[in-house]
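One letter stands for each residue in the lines below.
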Amino acid sequence: MVKIKKTALNTIHHILGGKMIEFAGYQMPLQYTEIQQEDEATKKGVGILDASHMGKILIHGKDAFDLVQMISLNKSPQLTAGTLHYSCMSKSKGIIDDLMVYSIGEKGYLLVVNASKIRKVMDWILLHTIPNAEVTNVTDTMTLMIVQGPKALHTLQKLTDIYLEGIDCTKFKIGELACISKVMISSSGYLGARGFEIFVENKYAEHVWDAILKAGKDDHIVPVGLAARDTLRLEMGFFSLWK
């Protein structure tokens, strides 16, 4: 029997009364309250979502760029440190998966892929490995949370000196958030509206989540489950992506 994985925020989901289900091999919150309530609260204010089940693959080494160019259809030599783009992987029989590619400087590239495709993506990358390009699945060592909605910037800016307004869908910043250093913040629009993706080491996940909930209290922040995630993405025509 396959063991169901838990994200670093699993305990918090239970404390908040999340209705837990199995999704892509992980125990994840389907909803905390009513789906429509979480959907509307995110569109009007701000919602916070655990997306740690998403695949996170690190490619680093001297030839990391060459490997990323080989496996990704969106070939961009302009993808410099601190930038990202949307792409996909394919083979003769069709698309393997869509993904986001983050250029993180000397460390190489971070690929964020769909949770249900992690194994297939890893197999495809390893099939094309080249010398001096190391591939590591870091999915279960890194927490990814989404802070989305028209008041997301106001909520997060209280917790960081990073100029969040300057982060568009092609850029990301690494800096301090909620007194935790080396937090990566992007703004690719996971749920279709203005918002931010926050990558942090698992050991700091609960601290950062709690700090964001506290900072967003006046903005009426709500935790968002997978069900409202799907309705929000469906409304934006994103439902087929980032499963």
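Here, every reference points to the structure presented above.
Given the structure is predicted, the values throughout are model-derived calculations rather than measurements.

Counting its regular elements, the protein chain contains seven helices and 14 strands. By its C-alpha atoms, the protein chain is 50 × 45 × 35 Å across when sized along the principal axes. Burial analysis of the protein chain (243 residues in total) assigns 53% to the buried set. Intrachain contacts of the protein chain at a sequence separation of at least 6 include 63% that bridge at least 24 residues. Averaged over its 27 positive side-chain charges, the protein chain has a centre that lies 4 Å from the centre of its 26 negative ones.

The pairing of strand β1 (residues 5–6) with strand β3 (residues 26–31) spans two bridges and is parallel. The residue bridging K6 from the neighbouring strand is Q27, located in β3. As defined by bridge partners, strand β2 (residues 19–23) adjoins β3 across five bridges and the pair is classed as antiparallel. Along β3, the bridge assignment pairs K19 with Q31. Following β2, the chain reverses through two residues before pairing antiparallel with β3; A24 in that reversal takes a positive phi of roughly 55°.

Here we come to empty space enclosed by the protein. Taken as a whole, this structure holds one cavity of 30 Å³ or more when the rule is applied. Of the voids in this model, the largest cavity is the one considered here, and its volume is about 30 Å³. Lining the largest cavity, in full, are F65, V68, Q69, S76, L79, H85 and Y109. For the lining of the largest cavity, the element with the highest residue contribution is helix α3 (residues 64–71), accounting for three residues.

Turning our attention to the pattern of salt bridges. As enumerated under the stated definition, the model contains ten salt bridges in all. A salt bridge links D140 to K5, with the shortest nitrogen-to-oxygen separation between them at 2.9 Å. Here D140, found in the loop between β9 (134–137) and β10 (142–148), pairs with K5, found in strand β1; they are 135 residues apart in sequence, far enough to count as distant. A cluster of three or more residues bridged by salt bridges with shared partners is formed by D39, E40, K43, K44 and E235.

Bringing α3 into the picture now. Within the sequence span of α3, burial applies to A64, L67, V68, Q69 and I71. Along its buried surface, α3 packs onto β5 (55–60), β6 (84–91), β7 (94–103), β8 (109–113), α4 (118–127) and β9.

With that settled, consider the state of the cysteines. Taken as a whole and judged by the stated rule, the model has zero disulfides. With no disulfide of its own, C88 lies closest to C169 among cysteine sulfurs, the gap being 17 Å. For C169, a relative accessible area of 47% translates into the label partly exposed.

Rules behind the numbers
Residues numbered from 1 in each chain as written. Predicted model: local features only at pLDDT ≥ 70, side-chain atom pairs only at ≥ 80, totals over all residues. Heavy atoms only, no water. Helix = DSSP H or I, 4+ residues; strand = E, 2+ residues; numbered from the N terminus. Buried < 20%, exposed > 50% of the residue type's maximum accessible area, 1.4 Å probe, protein only. Contact = heavy atoms within 4.5 Å. Lys, Arg positive; Asp, Glu negative; His and termini not counted. Charge placed at Lys NZ, Arg CZ, Asp CG, Glu CD. Pairing = 2+ DSSP bridges. 1 Å grid on protein atoms, 1.4 Å probe; cavity = no way out; pocket = protein on both sides within 12 Å on 5 of 7 lines; lining within 4 Å. Points joined across faces, edges and corners; volume = space filled by probe spheres on them. Salt bridge = Lys/Arg side-chain N within 4 Å of Asp/Glu carboxyl O. Disulfide = S-S within 2.5 Å.

On their own, these measurements won't tell you what the molecule is for.
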